[in-house]
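Residues per chain, in single letters:
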Amino acid sequence: MGAIGNGIELLGLAGVAGGEEMTLVSDSVENATAKLKFLRLAFGDATSDQTVARSEILTTLEAMARGGRLSYSWNVPGDPARLDVRTALLAVMCVETALPLGGDIDITLTASNWTVYAKHDRLNLDPALWAPLAKGVCPDELSASQVHFGILPGMACYAERQLSMTHGADWVQISF
């Protein structure tokens, strides 16, 4: 992705690139790069002494939201522990699956309690995924696109956090 982005930048400097087509390609590269950064943070190795720069998280979430159906609100001060960020982003991925039509996802840290919250009038909570998660366990059968539901309970345990999930008709919340 970086090489494609650099190539587009070089074309722009040479005066060759321009117009709506190149803007679309440039925006697509930026979004794909942001998704890769997000996935590295969510699935990458993490130790108890590592932190993640707040600016890196904000930049990644802003780029992912640009032009999409989802928006993210990162209400976490400072540079949080990478284990907590990894747990939070896995929870974000779970919440995203409940928002097929888009919506707003709030990630908040109060004292030492993390909350990932979303509200939408057309929330879609698949019981096969969410019921086990509410108990803090891995669902029995997962497809590749649902693997975050299987990893989240173990990651919360590894981060020495107690995972909980609550929901209503139009909202869902994962806390740890």
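Remember, it's a predicted structure, so these values are computed and weren't measured experimentally. (Residues numbered from 1 in each chain as written. Predicted model: local features only at pLDDT ≥ 70, side-chain atom pairs only at ≥ 80, totals over all residues. Heavy atoms only, no water.)

**So, unusual backbone geometry**
Here comes step 1: One non-glycine residue with positive phi stands out, namely Ala111, at about 55°.
Here comes step 2: Tracing the backbone shows Ala111 in the loop between strand 2 (103-110) and strand 3 (113-119).
Here comes step 3: Residue classification places Ala111 among the exposed residues on the basis of a relative accessible area of 74%.
Here comes step 4: Not every positive phi belongs to a glycine, and Glu160 is a case in point at roughly 60°.
Here comes step 5: Within the fold, Glu160 resides in the loop between helix 6 (147-158) and strand 4 (164-167).
Here comes step 6: Using a relative accessible area of 75% as the deciding quantity, one classes Glu160 as exposed. (Helix = DSSP H or I, 4+ residues; strand = E, 2+ residues; numbered from the N terminus. Buried < 20%, exposed > 50% of the residue type's maximum accessible area, 1.4 Å probe, protein only.)

**Considering the packing of helix 2 (residues 19-43) against helix 4 (residues 82-97)**
Here comes step 1: At a minimum axis distance of 7 Å, the contact between helix 2 and helix 4 shows a crossing angle of 115°. For the pair helix 2 and helix 4, the crossing hand works out as left-handed. Taken together, the residues of helix 4 that come into contact with helix 2 (itself represented by Phe38, Leu39, Arg40, Leu41, Ala42 and Phe43) are Arg82, Arg86, Leu89, Leu90, Val92 and Met93. (Axes fitted to C-alpha atoms, helices over the stretch in contact; angles between N-to-C directions. Left-handed = near helix turned anticlockwise from the far one by under 90°. Contact = heavy atoms within 4.5 Å.)

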